[in-house]
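Architecture at a glance
Read off the chains here:
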Amino acid sequence: FDDALKSAKIFDKKKNNKGFLSGVPIAVKDLFCTKNVRTTAGSKILHNFIPTYESTVTNNLWSQGAFLLGKLNCDEFAMGSSNETSYFGNVKNPIGKDLVPGGSSGGSSSSLAANLTPVTIGTDTGGSIRQPASFTGTVGLKPTYGSCSRYGIVAFASSLDQAGPMSKNVKDSSLLLEVISSYDSKDSTSIDFKRNKYSEELTNNIKGKKIGIPKEYRVENMPNEIEDLWKKGIDYVKQCGAEVIDISLPHTNYALPAYYIVAPAEASSNLARYDGVKYGYRTKGSNLTEMYEKTRSEGFGNEVKRRIMIGTYVLSSGYYDAYYLKAQKVRKLIKNDFDEAYKKVDAILTPSTPSSAFKIGEKKDDPVSMYLNDIFTVPVNLAGLPGISIPAGVDKKGYPLGLQIIGKPFDEQNILNIAYAMEKKINFKNKKSLKIDKNTIILSTLPITLTSRLLGFTSNLKFRGVRTIYISVNKGRVLPKNCNWIYYSSKKIIFIKSSKALWNVFSYRTYRFG
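Presented here is an overview of the structure given in this document. (Residues numbered from 1 in each chain as written. Predicted model: local features only at pLDDT ≥ 70, side-chain atom pairs only at ≥ 80, totals over all residues. Heavy atoms only, no water.)

1. Remarks on the overall build of the protein chain
Convention followed: Secondary structure follows DSSP: runs of H or I at least 4 residues long count as helices, runs of E at least 2 residues long count as strands, and numbering of each begins at the N terminus. Residue burial is assigned from relative accessible area. The probe radius is 1.4 Å, only protein chains are included, and a residue is buried under 20% of its type maximum, exposed over 50%, and partly exposed in between. Using a 1.4 Å probe, the Shrake-Rupley method yields the accessible areas, and only the shown protein chains count as cover for residues.
Along its length, the protein chain carries 15 helices and 14 strands. For the protein chain, the proportion of its 514 residues judged to be buried stands at 58%. For the protein chain, the exposed area adds up to about 21400 Å²; of that, 49% sits on carbon and sulfur atoms.

2. Some remarks on the nonpolar core
Put simply, the rule reads: Side-chain atoms within 4.5 Å link the members of a nonpolar core, which is a set of buried Ala, Val, Leu, Ile, Met, Phe, Trp, Tyr and Cys residues. We call two residues in contact when some of their heavy atoms are within 4.5 Å.
By size, the foremost hydrophobic cluster in this structure holds 102 residues, and its most contacted members are Leu61, Phe77, Phe338, Leu349, Ile405 and Met422. Tallying contributions element by element places helix α7 (residues 255-270) first for this core, with 10 residues. Those residues in contact with Phe77 that sit more than four places away from it in its chain are Leu31, Ala41, Ser43, Ile45, Leu46, Val154, Ala155, Phe156, Leu271, Tyr274, Phe300 and Val304.

3. What about the pairing of strand β3 (residues 120-123)?
For clarity, the cut-off: A strand pair is defined by DSSP finding two or more bridges across the two strands.
Alternating positions in β3 separate into two faces, Thr120 and Gly122 on one and Ile121 and Thr123 on the other, with burial throughout. Alignment of strand β1 (residues 25-29) against β3, held across two bridges, turns out to be parallel. Looking across to β3, one finds that Ala27 is bridged to Thr120. With four bridges connecting them, β3 and strand β5 (residues 163-167) associate as antiparallel partners. What sits directly across from Thr123, in β5, is Ala163.

4. Here we look at the packing of α7 against helix α9 (residues 302-315)
The criterion, for reference: Axes here mean lines fitted to C-alpha atoms, for a helix over just the part in contact, with angles spanning 0 to 180 degrees between N-to-C directions. Oblique is the label for every angle not falling under 35 degrees (roughly parallel), over 145 degrees (roughly antiparallel), or within 65 to 115 degrees (roughly perpendicular). Only Asp, Glu, Lys and Arg are considered charged, only Ala, Val, Leu, Ile, Met, Phe, Trp, Tyr, Cys and Pro nonpolar, and every remaining residue, Gly among them, polar.
Across the interface, α7 lies against α9 with an axial gap of 7 Å and an inter-helix angle of 100 degrees. Put simply, α7 runs roughly perpendicular to α9. Contacts from Tyr260, Ile261, Pro264, Ala265 and Ser268 of α7 reach α9 at Arg307, Ile308, Ile310, Gly311, Thr312, Val314 and Leu315. A per-class count over the contact of α7 with α9 returns eight nonpolar, three polar and one charged.

5. Points about α9
Stated precisely, the cut-off is as follows: By definition here, a helix of n residues has an expected span of 1.5 Å times n minus one. What the arc covers is the set of directions going from the helix axis to the C-beta atoms.
When the terminal C-alpha atoms of α9 are compared, their 20 Å separation across 14 residues agrees well with the 20 Å that a helix rising 1.5 Å per residue should span. Buried residues of α9: Glu303, Val304, Arg307, Ile308, Gly311 and Val314, and no others. Down the axis, α9 shows its buried residues gathered within 135 degrees of arc, on one side only. In α9, the exposed residues that point more than 90 degrees away from the buried face are Asn302 and Met309. Buried positions along α9 lie against α7, α8 (288-299), α10 (320-341) and α11 (367-371).

6. Considerations on the environment of Pro94
Tracing the chain through its elements places Pro94 in the loop between β2 (67-72) and α3 (106-113). Judged by relative accessible area, Pro94 falls into the buried class, the value being 5%.

7. Observations regarding a positive patch on the surface
Here is the rule we go by: Patch membership needs two things, relative accessible area over 30% and no salt bridge, and members are linked within 9 Å if like-charged or within 5 Å if nonpolar (Val, Leu, Ile, Met, Phe, Trp, Tyr). A carboxyl oxygen of Asp or Glu within 4 Å of a side-chain nitrogen of Lys or Arg is what we treat as a salt bridge. Residues scored as positive are Lys and Arg, those scored as negative are Asp and Glu, and His as well as the terminal groups of each chain are ignored. Each charge is placed at NZ for Lys, CZ for Arg, CG for Asp and CD for Glu.
A contiguous patch of positive charge, built from Lys92, Lys97, Lys359, Lys396 and Lys397, is present on the exposed surface. Within the fold, Lys359 resides in the loop between β8 (347-351) and α11.

8. Some words on the sheet that holds strand β6 (residues 210-214)
If you walk across this open sheet you meet the 10 strands as β2-β1-β3-β5-β4-β9-β10-β8-β6-β7, and the pairing is mixed. The sheet is open, and its two edges are formed by β2 and β7 (243-247), each paired on a single side. Strand after strand, the sheet turns through a mean of 30 degrees between neighbouring axes, direction not considered. In terms of strand pairing, strand β4 (residues 139-142) meets β5 through two bridges, oriented antiparallel. Pairing of Val139 across the sheet is with Ser167, part of β5. Taken strand by strand, helix α13 (residues 412-426) contacts β4, β6, β8, β9 (387-394) and β10 (400-407), and its axis lies near 10 degrees from that of β9.

9. Comments concerning helix α5 (residues 170-180)
Keep this limit in mind: What qualifies as a polar contact is a pair of N or O atoms within 3.5 Å, subject to a donor-acceptor requirement within protein and to the restriction that residues adjacent in sequence count only when both atoms come from side chains.
Most of α5 sits out of view: nine of its 11 residues are buried. Buried residues of α5: Val170, Asp172, Ser173, Ser174, Leu176, Leu177, Glu178, Val179 and Ile180, and no others. Among the residues of α5, the N-terminal cap falls to Asn169, whose side-chain oxygen and the backbone nitrogen of Lys171 are separated by 3.3 Å.

10. Concerning a nonpolar patch on the surface
Taken together, Tyr313, Tyr319 and Tyr323 make up a surface patch of nonpolar side chains, about 280 Å² in accessible area. Mapped onto the fold, Tyr313 is located in helix α9.

11. Examining unusual backbone geometry
At the junction of Gly103 and Ser104, the peptide bond is cis and its omega measures out at 5 degrees in the coordinates. Structurally, Ser104 can be placed in the loop between β2 and α3. Phi is positive for Asn115, close to 60 degrees, though the residue is something other than glycine. Along the chain, Asn115 falls in the loop between α3 and β3. Residue Asn115 is classed as buried on the basis of its relative accessible area, which comes to 6%.

12. Some details on the side chain of Thr34
Structurally, the position occupied by Thr34 is in the loop between β1 and α2 (56-63). Since its relative accessible area comes to 1%, Thr34 is described here as buried. Engagement of the side chain of Thr34 in a polar contact is seen with the side chain of Lys71, the distance being 2.9 Å. Those residues in contact with Thr34, other than ones at most four positions away along the chain, are Val28, Thr39, Pro51, Tyr53, Glu54, Leu68 and Lys71.

13. Some thoughts on the packing of aromatic side chains
The cut-off we apply is this: Pairing of aromatic rings covers Phe, Tyr and Trp, the last through its six-membered ring, and needs centres within 6.5 Å; plane angles under 30 degrees mean stacked, over 60 mean edge-to-face, and all others mean tilted.
Under the defined criterion, the tally for this structure stands at 17 aromatic pairs. The interplanar angle of 35 degrees and the centroid separation of 5.4 Å between the aromatic rings of Phe49 and Tyr279 together place this pair among those described as tilted. Here Phe49 is found in the loop between β1 and α2, whereas its partner Tyr279 is found in the loop between α7 and α8, with 230 residues between them in sequence. For Tyr279, a relative accessible area of 35% corresponds to the partly exposed category. Note on Tyr320 and Tyr324: the rings are 5.3 Å apart at their centroids and 45 degrees apart in plane angle, and the pair reads as tilted.

14. Some details on the side chain of Ser149
Looking at where Ser149 falls in the secondary structure, it is placed in the loop between β4 and β5. On the basis of relative accessibility, which here comes to 1%, the residue Ser149 falls in the buried class. At a separation of 3.0 Å, a polar atom in the side chain of Ser149 contacts the main-chain amide nitrogen of Tyr151. A distance of 2.6 Å separates the side chain of Ser149 from the side chain of Asp184, its partner in a polar contact. Discounting residues that sit within four places of it in the chain, Ser149 has contacts with Thr56, Val57, Ser182, Asp184 and Asp187.

This is the structure we're talking about:
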């Protein structure tokens, strides 16, 4: 954070910085390698790992003028749907008391919803961007597989992992995608295709678009609130001028079982490298084999061990054909289903999740119930398609619910446009969002650029008519007591304290070391 303060002060003195993200402090999921900054993947086995290189995605951010605000907590090695598997503790959802933020990008979604970062990036292997976005009332985009480089991202399942933007609105996601999506020769799965200028080409004109509604997504015991939300979403796209067409994706029911064979299999292979020899956690043993066993046993959490064991089993002699090979065949059938559907429609509309955010600990001891959270998102990853989740309403408790728009390969512009049009119709307001206007007074010990960016504004607050009083701690000026990032809606006053106090207020454990 001290480095972010230095970068902000330097930026305040610069002129004519034309980068897409000039002066924007961005916190990133702790799965992206950041040069000379600790990267743990939420695991004990990497608790002391400091990369000597930068991931391509984060390097793209910094090259456009952004700077690193911090690393965000996540499920260990991105394995989880509730951000309860991290070695550094669970993340709390700021939307309600003791709620999970979704996973594995729970730190990213929570920090966004709590206004601790203006935008962020996550990774999506089976829904790890879209599901937490739905749980926190934010926007999460999973690009087409191969759109964003995987170089420098700690691997979970190599044929499924994909980086993507998370933001408070569709427009910010389009801008962020424009920055992070690039061809990279260092990643053998990166695809060189003509990328759109997503933010410039963003439009809410979707008249004539054909939107598919898959009957298989009406699952058993789905809450009425999700069904009602879906119906409202269908009405919204109709109001926007789009045509709704019923479609069938017949192999959808097999997606989750196939995913939980393919993903653990690839994970067991990828995580074999963590043996305590070259880097990461290491414990002593009487011989090399014992050292391996103790290091991996102590270094990995229970969920990671479970998936390694499943993956090793399905890849073992005698079971490879029965499980892994069959799962890959099912995966191809799922992809074929989408290909057939896209002969009739331009995009597909579904719920993002089968429920709203649940309580911390509620499903921790029931892995099958936890895995079912990804029932609507997993098919997209298996088929390598783009998908975006947008907040579309709330349940009876006031917790956010999301709708998912699935597109054709490399047709991110189309789903962004549809999401943008729906967003305007829905006009969703997150109950945790800050309402800052010309009547607001901000007392801040941080530079004006960092203050405005942290509160989610792309232009300095002074240009919005907001009165910002910069308080220099070095000159002995002191903020009122107990004013750690507190927003008084009635008085229209926001207090932001210095970096040390700012870390102390991150009670949501959004930041890895918060």
